[in-house]
Every structure is written in structure tokens, then in C-alpha cells.
Amino acid sequence: MTKHLKVPKKDAQRYISVMRSADGIDNNYQIQKGSDFVLIPLNQDFTWQETVPGSEVVDAEGQLSKTKFLPKEAGGAFDLIGEIAITKIREEGRAMELARRLVLTHPNIKAVYLDRGISGEYRLRDLKLLSGSEIYLTKYRENGIMFQLDVSKVYFSPRLATERMLVSKEVTDGETVIDLFAGVGPFALNIAKARAAIIIAIDSNPHAIEFLRKNVANNSLRGKITSYCADSAEKIVEFHDVDRIIMNLPHEAFSFVIAAKKSLKAGGIINYYEILNVQELEERMETFRDMGFELVAKRVVHGYSKTQSMYSLTLRKLRE
Ligand code: SAM
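Please read these numbers as outputs of a predicted model, since none were measured by experiment.

K.L.:
Describe the site of the ligand, naming the residues involved and giving the relevant values.
P.N.:
Around the ligand, the surrounding shell holds 19 residues, and the nearest of these are E121, F181, D203, S232 and N248. Contact distances for the ligand include 3.4 Å between a nitrogen atom and a side-chain N or O atom of D231. In the model, an oxygen atom of the ligand is placed 2.9 Å from a nitrogen or oxygen of the N248 side chain. In isolation the ligand offers 590 Å² of accessible surface; the protein chains occlude 97% of this area. Grouping the constituent residues of the shell around the ligand by class yields 10 nonpolar, five polar and four charged.

This is how it looks when you write it as C-alpha cells:
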């Protein structure tokens, strides 16, 4: 049973708009209509003070909402990885307010962390708990694939879900693909789910490879993934005539391009990611042309700062 405000049908719209502006409605539940009354689900911390004849707080069976509403100002302000929300809002008061509201309005969110920055070779987040319990292990579903990961031990961003799906559709059955900075395997698994490809996944973080292997074991995949915990620059020299290489290490990937190109067959593809502004993008594309690549496609994956975005470049190797 959950607390609802029972109001006469003729006054319902007025109550709903007053309570919405006071953040009094629990959006996890539906507003239910009776013959001459309406039941409005109440937020746990909301106290109804207006005493109007005909309105009363009652316990009623809540009907779960089919849509997950987010707080108005929260759009885009946090990433949700399973039960864990991560925000980068710098201003502490706003971050705390968002965290409190997320935990109150979303029973499925168990922890809200502030991301104070990503650093180091493994690209780990410096996390500070804002609200909820200090849990790091979570399950996350993307494009029909279940991932398990620990947000304190591995890098993961749900913002690339669409990009990973697009790349998986570019791959054809039988392709040999190297995922050079594989993390817990989101590119590798998206491809293996969609295509009967042969995928080599490399990451230097032992925790990432451990989760990647669990994720491979826990999903039903068409492709075959072999994983290595290794430095990509050292490992890639062992592979030749590869059809495709995925390079998702946005700040440093460029320094691996020459090595990657050597392992790629003529006509092979690199899916390359980098954070750039428009001027830097033009220069990068020019450099790739000089290096013997043809630009097949270019798209913005997501914004990064006022002037920079993360770009996805699809490059075809034309010559050695
Ligand atoms: N592709 C994954 C994804 O979409 O979630 C992970 C991308 S994350 C930005 C980059 C990954 O590269 C991290 O998991 C990090 O451990 C790994 N990494 C960084 N430098 C590396 C290196 N020299 N060799 C192998 N892996 C490396």
C-alpha cells in the first residue's frame, strides 16, 4: 500500500498541477481515476497540508508507472548504470539535491555518486557517494545484453550504447575484429550478439578483463570473443590481416594508430573515437588522409564541453 491523495475528480487537475510544482507526486506510480475521485500517489517526504473538504490522504494499492519520469532539471545530468546513478554536476548543493530526489523517486536507484574526474591508464572515476548505499557492483542491460561491472574498478559509459549498436550493424558475419581498449566488453559483446564475428578483446585492466569474461559467459552470443589482459601496443603486433579495429580510448587512441594500421588488412576499417573541437577534427581528418586512410563516416557520439565533442570516425585503410 502507498499513500495517495484522494481528491474529487472535478478538482483533480488543480491538485495535480499544485503538487507537481511542489514535487509531491511519486512518479513511480500512476495517477488512478475512480468514478468521481482521483488518487494521486504521494512522495514519501511530502506532507499534504491543504485542508480542503473532499480531499484526504488514503492508503491505496499503487499501480506502477509504465514510464520512468526523471526530475525536471535532471535531464542529461547523470548517467544511469543499472542501480547506480553518476552525476558530474560540480555545484555541491545542486548535486546533493539531484541525488536526494533520485533516490526518493526511483526505488531502483540504490546509489548516487559524484564523478570528480576520470584518470589513469584504466580510466577510473573518482567517486564520492552523495546518496543511497555505497554499492559499486551493478548489472546493466544494453541492446539486449546483460553486463556486470564494478564502477569503482573499471571504466564504463552508457552514453555509447547507440554508437555500439551502430558499429555492430556495420560488422558482417565472419569478420575478424580487434577491440583494442575493450573494458568490460560493450563493443565486443554488441558485435558478438549481432554477428557471427571473431573478436579479439584487449584491455590492460585485469578487473575489466575479469568482468568481460563473466559477461561473455552470461550472454548468448553469435560471435566468438577471445580476451587478453595486455597492453594493446604490445599485443596488437601478434595479429595480421584484421578486418576491423575498434579504438575507444578517446584521449590517447591516436598514438596507437600506426600500430593498428599494420595489423589491418588493405581495405580494413578502424572505428576511431576522439574528443576534439571542430578545428582539431579538420586537422585530424587531414592527418588520416595523409596516413593512407579514407574517411567513410563521421558522427558526433556526444557533447563533451562547450567546444568539444566525442567524434566517431570510420576510417578505411587504402594503402600501407
Ligand atoms: N571500450 C570500453 C567501453 O566502451 O566501455 C572501454 C573504453 S575506456 C575509455 C578505455 C579502456 O582502455 C579502459 O578499460 C582501459 O583500462 C584501457 N586501456 C588504457 N590504456 C590501455 C593500453 N595501453 N592497453 C590496453 N588497454 C588500455
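After that view, the rundown keeps rolling.
K.L.:
Before we move on, can you summarise the sheet that holds strand β12 (residues 198-203) with the specific residues and values?
P.N.:
Strands sit in the order β13-β12-β11-β14-β15-β17-β16 across an open sheet of seven strands; the sheet is mixed. At either margin of the open sheet sits one strand with a lone partner, and together these are β13 (224-229) and β16 (293-303). For this sheet the average axis-to-axis angle between neighbouring strands, irrespective of direction, equals 15°. Taken together, the four bridges between strand β11 (residues 176-179) and β12 define a ladder with parallel strand orientation. Bridge pairing links D179 to A201 in β12. Its contacts with the sheet put helix α3 (residues 161-170) on β14 (242-247), β15 (264-276), β16 and β17 (309-317), and the angle it makes with β16 is roughly 155°. Packing of helix α5 (residues 206-218) onto the sheet brings it into contact with β12 and β13, and relative to β13 it is tilted by some 165°.

K.L.:
Tell me about the packing of α3 against helix α4 (residues 186-194), and name the residues and values.
P.N.:
Packing of α3 against α4 leaves a shortest axis separation of 8 Å and a crossing angle of 45°. Put simply, α3 runs oblique to α4. Seen along the crossing, α3 lies across α4 with a hand that is right-handed. Here α3 contributes E163, R164, M165, V167 and S168 to the contact with α4, which in turn contributes P186, F187, N190, I191 and A194. The residue inventory of the contact of α3 with α4, partitioned by class, reads six nonpolar, two polar and two charged.

K.L.:
Account for a negative patch on the surface, naming residues and giving values.
P.N.:
On the surface, E121, D231, E234 and E252 cluster together into a negatively charged patch. Turning to its location among the elements, E121 is positioned in the loop between β7 (111-119) and β8 (124-132). Residue class for E121 comes out exposed when judged on its relative accessible area of 55%.

K.L.:
Tell me about the sheet that holds strand β6 (residues 84-87), residues and numbers included.
P.N.:
The strand order β5-β6-β7-β8 describes an open sheet built from four strands, whose pairing is mixed. Looking along the sheet, the strands with just one partner apiece sit at the ends: β5 (78-81) and β8. The mean angle between the axes of side-by-side strands here comes to 30°, regardless of whether they run parallel or antiparallel. Here seven bridges tie β7 to β8, and the two strands are oriented antiparallel to one another. Across the sheet, residue V112 finds its bridge partner in β8, namely S131. Its contacts with the sheet place helix α2 (residues 92-105) against β5, β6, β7 and β8, and it is angled at close to 65° to β8.

K.L.:
How would you explain the pattern of salt bridges if you had to name every residue and give the values?
P.N.:
All chains considered together, the criterion is met by 21 salt bridges. Its salt-bridge partner being E238, residue K235 comes within 3.0 Å of it at the nearest N-O pair. Judged by relative accessible area, E238 falls into the partly exposed class, the value being 49%. In this structure, K265 and D243 form a salt bridge, with 2.7 Å as the shortest nitrogen-oxygen distance. Here K265 is found in strand β15, whereas its partner D243 is found in strand β14, with 22 residues between them in sequence. The class for K265 is partly exposed, based on a relative accessible area of 32%. Relative accessible area serves as the criterion here: at 16%, D243 is assigned to the buried category. Residues participating in the shared-partner salt-bridge network are E163, E170, E175, R244 and R299.

About the thresholds
- Residues numbered from 1 in each chain as written.
- Predicted model: local features only at pLDDT ≥ 70, side-chain atom pairs only at ≥ 80, totals over all residues.
- Heavy atoms only, no water.
- Near = heavy atom within 4 Å.
- Polar contact = N/O pair within 3.5 Å; in protein donor to acceptor, adjacent residues only side chain to side chain.
- Areas by Shrake-Rupley, 256 points an atom, 1.4 Å probe, with all protein chains shown as cover.
- Nonpolar A, V, L, I, M, F, W, Y, C, P; charged D, E, K, R; others polar.
- Pairing = 2+ DSSP bridges.
- Helix = DSSP H or I, 4+ residues; strand = E, 2+ residues; numbered from the N terminus.
- Axes fitted to C-alpha atoms, helices over the stretch in contact; angles between N-to-C directions.
- Contact = heavy atoms within 4.5 Å.
- Parallel < 35°, antiparallel > 145°, perpendicular 65-115°, else oblique.
- Left-handed = near helix turned anticlockwise from the far one by under 90°.
- Patch = residues over 30% accessible without salt bridge, like charges linked within 9 Å, V, L, I, M, F, W, Y side chains within 5 Å.
- Salt bridge = Lys/Arg side-chain N within 4 Å of Asp/Glu carboxyl O.
- Lys, Arg positive; Asp, Glu negative; His and termini not counted.
- Charge placed at Lys NZ, Arg CZ, Asp CG, Glu CD.
- Buried < 20%, exposed > 50% of the residue type's maximum accessible area, 1.4 Å probe, protein only.

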